[in-house]
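Below, each chain spelled out in residue letters.
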Amino acid sequence: MNHRPRKRFGQNFLHDTTVIQHIIDVIHPQEQDHIIEIGPGKGALTTPLLRHLQQLDVIEIDSDLVAALKASIGQDSRLIIHEADALKLNFETFGHSDLRIIGNLPYNISTPILFHLLSYRDCIKDMLFMLQKEVVDRICASSGNKQYGRLSIMLQCYCDVESLFVITPDAFTPSPKVDSAIVKLTPLREPRYELSDHESLKVIVREAFSQRRKTIRNALRKYLDESSIIESGIAPENRAENLEVADFVKLANHYHQQKINTL
Ligand code: SAM
């Protein structure tokens, strides 16, 4: 296929067959699985996946790659190709339970796509993604760690997260500048801690990390006063990076209650 990789679509194509097989092994596809691949590209994962499945949905934004995929494996009736932007797609249209989402995700949209998919977590059984290693480290980081932040808290609140293995740049064409890693995200049936309102958690986490060197007292000044922070059981002089996921949930619940009280 004569296709010039497009930077704006984060196109680094996997060519290393050992790495590809390792990824297929950890996906462990079963015939009846409903797998959706984001960004099939030239089909590096698509073709080996199809061997195991009765149906495979793929979502590709680049119309040239869609045309090439149709020409190469599109005649296989088990493959359903969606030419679309995965960021704008309603994943409920694929079904309401047990979706398995996989992909070698374009680096430039990895965070927005993770947040987008989080809103469909009730339909999803698991997700297995290749991302920049640095992003996987952030997803899996625990408090006190410098990679710990918004991505760690929001994903760990709703999913089990597991970093599986690292892939070096030479597995791709063109080679990216950084290492990649595979992460597995398994949505929990309920949030890890009792959370009253998702939007409140988003606000509190975003604000707490907007200036991560600030104390929680100062970072959340506009949202929660010092006494509310203390009532949540948290010392106001803490910094965001030292709070556990459970602490953010307590702060968010307090903030949500406060909003209700002022209605
Ligand atoms: N899966 C292939 C592989 O491993 O070789 C390609 C991976 S490449 C890193 C990312 C793929 O995602 C490209 O095919 C790109 O065109 C596609 N892509 C980028 N942005 C997208 C979006 N918003 N929605 C769907 N696909 C997208």
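Residues numbered from 1 in each chain as written. Predicted model: local features only at pLDDT ≥ 70, side-chain atom pairs only at ≥ 80, totals over all residues. Heavy atoms only, no water.

## Section: the side chain of Q156
Right, so step 1: The topology assignment puts Q156 in helix α6 (residues 150-158).
Right, so step 2: Classification of Q156 as buried rests on a relative accessible area of 14%.
Right, so step 3: Side-chain polar atoms of Q156 contact the backbone oxygen of A141, separated by 2.8 Å.
Right, so step 4: Beyond its immediate chain neighbours, meaning those up to four positions away, Q156 contacts I139, C140, A141, V161, R192 and V245. (Helix = DSSP H or I, 4+ residues; strand = E, 2+ residues; numbered from the N terminus. Buried < 20%, exposed > 50% of the residue type's maximum accessible area, 1.4 Å probe, protein only. Polar contact = N/O pair within 3.5 Å; in protein donor to acceptor, adjacent residues only side chain to side chain. Contact = heavy atoms within 4.5 Å.)

## Regarding the packing of helix α4 (residues 110-118) against α6
Packed helices, taken two at a time, are described by their axes: the angle between them and the distance between them.
Right, so step 1: The N-to-C vectors of α4 and α6 enclose an angle of 25°; their axes lie 11 Å apart at closest approach. Between α4 and α6, the angle is such that the two are roughly parallel. Classified by chirality, the crossing of α6 by α4 is left-handed. Along its contact with α4, which presents T111, L114, F115 and L118, the element α6 presents R150, L151, M154, L155 and Y158.
Right, so step 2: Of the residues in the contact of α4 with α6, the class split is 7 nonpolar, 1 polar and 1 charged. (Axes fitted to C-alpha atoms, helices over the stretch in contact; angles between N-to-C directions. Parallel < 35°, antiparallel > 145°, perpendicular 65-115°, else oblique. Left-handed = near helix turned anticlockwise from the far one by under 90°. Nonpolar A, V, L, I, M, F, W, Y, C, P; charged D, E, K, R; others polar.)

## Examining the side chain of E60
Right, so step 1: As for its placement among the helices and strands, E60 is situated in strand β3 (residues 56-60).
Right, so step 2: Buried and unpaired, E60 has R6 as its nearest opposite-charge partner, separated by 7.7 Å.
Right, so step 3: At 3.0 Å, the side chain of E60 forms a polar contact with the backbone nitrogen of G41.
Right, so step 4: What E60 contacts, discounting residues up to four positions off in sequence, is G39, P40, G41, L65, V66, H82, E83 and A84. (Lys, Arg positive; Asp, Glu negative; His and termini not counted. Salt bridge = Lys/Arg side-chain N within 4 Å of Asp/Glu carboxyl O.)

## Structural notes on the domain arrangement of the protein
Right, so step 1: As assigned here, the protein comprises domain 1 (7-187) and domain 2 (198-261).
Right, so step 2: For domain 1 and domain 2, the distance between their C-alpha centres works out to 32 Å.
Right, so step 3: Of the residues lining the interface, 12 residues belong to domain 1; the matching set on domain 2 comes to 15 residues.
Right, so step 4: Taking both sides of the interface into account, the surface hidden between domain 1 and domain 2 amounts to around 1,100 Å²; carbon and sulfur atoms contribute 67%.
Right, so step 5: For the domain 1 face of the interface with domain 2, the top three residues by lost area are Y148, I153 and M154, together amounting to 43%.
Right, so step 6: Between the two partners, domain 1 and domain 2, sit 0 salt bridges.
Right, so step 7: Scanning the region where domain 1 abuts domain 2 turns up 7 residue pairs in polar contact (both at pLDDT 80 or more). (Domains from an automatic or database assignment. Buried area = accessible area lost by both parts, 1.4 Å probe.)

## Quick look at the site of the ligand
Right, so step 1: The environment of the ligand is formed by 22 residues, the closest being Q11, G39, E60, D85 and N104.
Right, so step 2: Within the contact set of the ligand, a nitrogen atom lies 3.4 Å away from a backbone nitrogen or oxygen of I61.
Right, so step 3: The site holding the ligand turns out to be the largest pocket.
Right, so step 4: If you list the elements that add at least two residues to the shell around the ligand, you get β1 (13-14) and β3. (Near = heavy atom within 4 Å. 1 Å grid on protein atoms, 1.4 Å probe; cavity = no way out; pocket = protein on both sides within 12 Å on 5 of 7 lines; lining within 4 Å. Sits in = over half its atoms within 2 Å of the grid points.)

## A word on unusual backbone geometry
Right, so step 1: The amide bond that connects T173 to the next residue, P174, takes the cis arrangement and shows omega of -15°.
Right, so step 2: Looking at the secondary structure, you find P174 in the loop between β8 (172-173) and β9 (180-187).
Right, so step 3: Unusually for a residue other than glycine, H28 sits at a positive phi of about 50°.
Right, so step 4: By the secondary structure assignment, H28 is in the loop between α1 (17-27) and β2 (34-38).

## So, the pairing of strand β6 (residues 124-132)
Right, so step 1: Judged by how many residues are buried, β6 sits mostly within the fold: 8 of 9 residues are covered.
Right, so step 2: The sheet contact formed by strand β5 (residues 99-104) and β6 spans 6 bridges and is parallel. Across the sheet, the residue bridging to N104 is M130, located in β6.
Right, so step 3: Handedness of the crossover is the feature at issue here: the chain leaves β5, passes through α4, returns alongside β6, and the resulting connection is right-handed.
Right, so step 4: By the bridge criterion, 6 bridges tie β6 to β9 in an arrangement that is antiparallel. Note on β9: the bridge partner recorded for M127 is L185. (Pairing = 2+ DSSP bridges. Right-handed = clockwise from strand over helix to strand, strands pointing away.)

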